[in-house]
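Structural characterization, general
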Amino acid sequence: MGERSLAGRKALVTGGARGIGASIAAALAAAGASVMIGDILEDAGRQTAAGLGEHGKAGFVRLDVADDAQWQAAVAATVAELGGFDLLVNNAGIEITSLIVDVEAADLRRMCEVNIVGVALGMKHAFRAMRPGGAAGQGGSVVNIASVAATIAFPAIAGYSGTKSAVDRMTRVAAMEAGKLGYGVRVNCLYPGLIPTEMGMKLANDIVANGLAADVGAAVAGVVEQTPLGRLAEVGDVADAVVFLSSPQARFITGAGLPVDGGMGM
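Now for a quick tour of the structure. Note that this is a predicted model, so its numbers are computed, not measured. Each chain has its residues counted from 1, running along the sequence as written. It should be noted that, the model being predicted, local features are given only for residues of pLDDT at least 70 and side-chain atom pairs only at 80 or more, the latter also being counted only at that level, while totals for whole chains, interfaces and linings use all residues. Here the side-chain values reflect all heavy atoms present in the structure, with hydrogen atoms and water set aside.

**Looking at the pattern of salt bridges**
Working definition: two side chains of opposite charge can pair if their charged atoms are close together. Heads up, the rule is: One side-chain nitrogen of Lys or Arg within 4 Å of one carboxyl oxygen of Asp or Glu is enough to make a salt bridge. Residue burial is assigned from relative accessible area. The probe radius is 1.4 Å, only protein chains are included, and a residue is buried under 20% of its type maximum, exposed over 50%, and partly exposed in between.
Per the stated rule, a full pass over the model turns up 10 salt bridges. A salt bridge links Asp-168 to Arg-169; the nearest nitrogen and oxygen atoms lie 2.8 Å apart. A relative accessible area of 8% means that Asp-168 is categorised as buried. Among the ionic pairs, Arg-231 bridges to Glu-234, the shortest N-O distance being 3.9 Å. The class of Arg-231 is partly exposed, set by a relative accessible area of 40%. Classification of Glu-234 by relative accessible area gives partly exposed; the value is 45%.

What follows is the structure, given as structure tokens:
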């Protein structure tokens, strides 16, 4: 792909203030897209958006992905400030570690609100804006960030795995609907492996706290041992895959789940 393969595209990245989301936003901008970052972390989000300015137009909008009204406002702001909207990356997500015998209903509900409801609302408002007659009306692409947790049985993340499996299923239904109804929107998802971001390392520490590994090093080594390519995932691995699925090179790909896990989930 050329370095400017997304020239002229207008993107909204949820959870884009830091970590994987910030890397995705930077990769989209480097590929030529204008990028709106949606996040509840306002200071970090604005700082990340400011750093994208060297590539082109970028902005920030506060977005709690579980709030329908905030989604409507975020999409409207994206269209108004960027001059359109044809790429959505549903990246925002949370993970709360727990053995099944210790699971808390409130934790499950919170993960469902962000990881399932948030993704569904994002697709809802993307479809409404991108389909013919919508506020943007030029079709587009949605990439949902699921997880290798949707494809493997890993201890202490049953609730998280369930929500990411839901992202996988919703992606496929949404792709079918968008195609059958003539929206001109492709919908795909990614299954990233464990990445040593703040969220990823918290999981490693939680694995130790639940008696499933002797220390963090052992927890990480256990993941690497299960990964044929022999390392943890990196944020750039995921960002590059998002750029590909958002690009013209993926024009005939929809309803797919792309593993970015070094083979861990095969």
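Okay, back to it.
**Here's the deal with the pairing of strand β5 (residues 140-145)**
The condition is simple: Helix and strand labels come from DSSP, where a helix needs a run of H or I of at least four residues and a strand needs a run of E of at least two; each type is numbered from the N terminus. Note: two strands are recorded as paired if DSSP finds a minimum of 2 bridges between them. Classification remark: right-handed applies to a crossover when, strands pointing away from the viewer, the course from the first strand over the helix to the second runs clockwise.
When you tally the buried positions in β5, you get six out of six residues, the bulk of the element. The alternating pattern of β5 places Gly-140, Val-142 and Asn-144 and Ser-141, Val-143 and Ile-145 on opposite faces, both of which are buried. Bridge count between strand β4 (residues 87-90) and β5: four bridges; the pairing is parallel. For Val-89, the partnering residue across the bridge sits in β5 and is Val-143. Following the chain from β4 across helix α4 (residues 105-130) to the adjacent parallel β5, one finds a crossover that is right-handed. Where β5 lies against strand β6 (residues 185-192), six bridges are found, and the strand directions are parallel.

**Side note on helix α8 (residues 235-246)**
Side chains of residues three or four places apart in an α-helix project in the same direction, reflecting 3.6 residues per turn. For clarity, the cut-off: By definition here, a helix of n residues has an expected span of 1.5 Å times n minus one. Note on definitions: a residue-residue contact is assigned when non-hydrogen atoms from the two residues lie within 4.5 Å.
Its 12 residues give α8 an end-to-end C-alpha distance of 17 Å, which sits within 8% of 16 Å, the value for a rise of 1.5 Å per residue. Of all the positions in α8, only Val-238, Ala-239, Ala-241, Val-242, Val-243, Leu-245 and Ser-246 are classed as buried. Tucked inside the fold, the buried residues of α8 contact α1 (19-30), β4, β5, β6 and β7 (257-260).

**A few points about the state of the cysteines**
Note the following rule: Cysteine sulfur atoms are paired as a disulfide whenever they fall within 2.5 Å.
Enumeration according to the criterion identifies zero disulfides in this entry. With no disulfide of its own, Cys-112 lies closest to Cys-189 among cysteine sulfurs, the gap being 17 Å. Owing to a relative accessible area of 32%, Cys-112 belongs among the partly exposed residues under this scheme.

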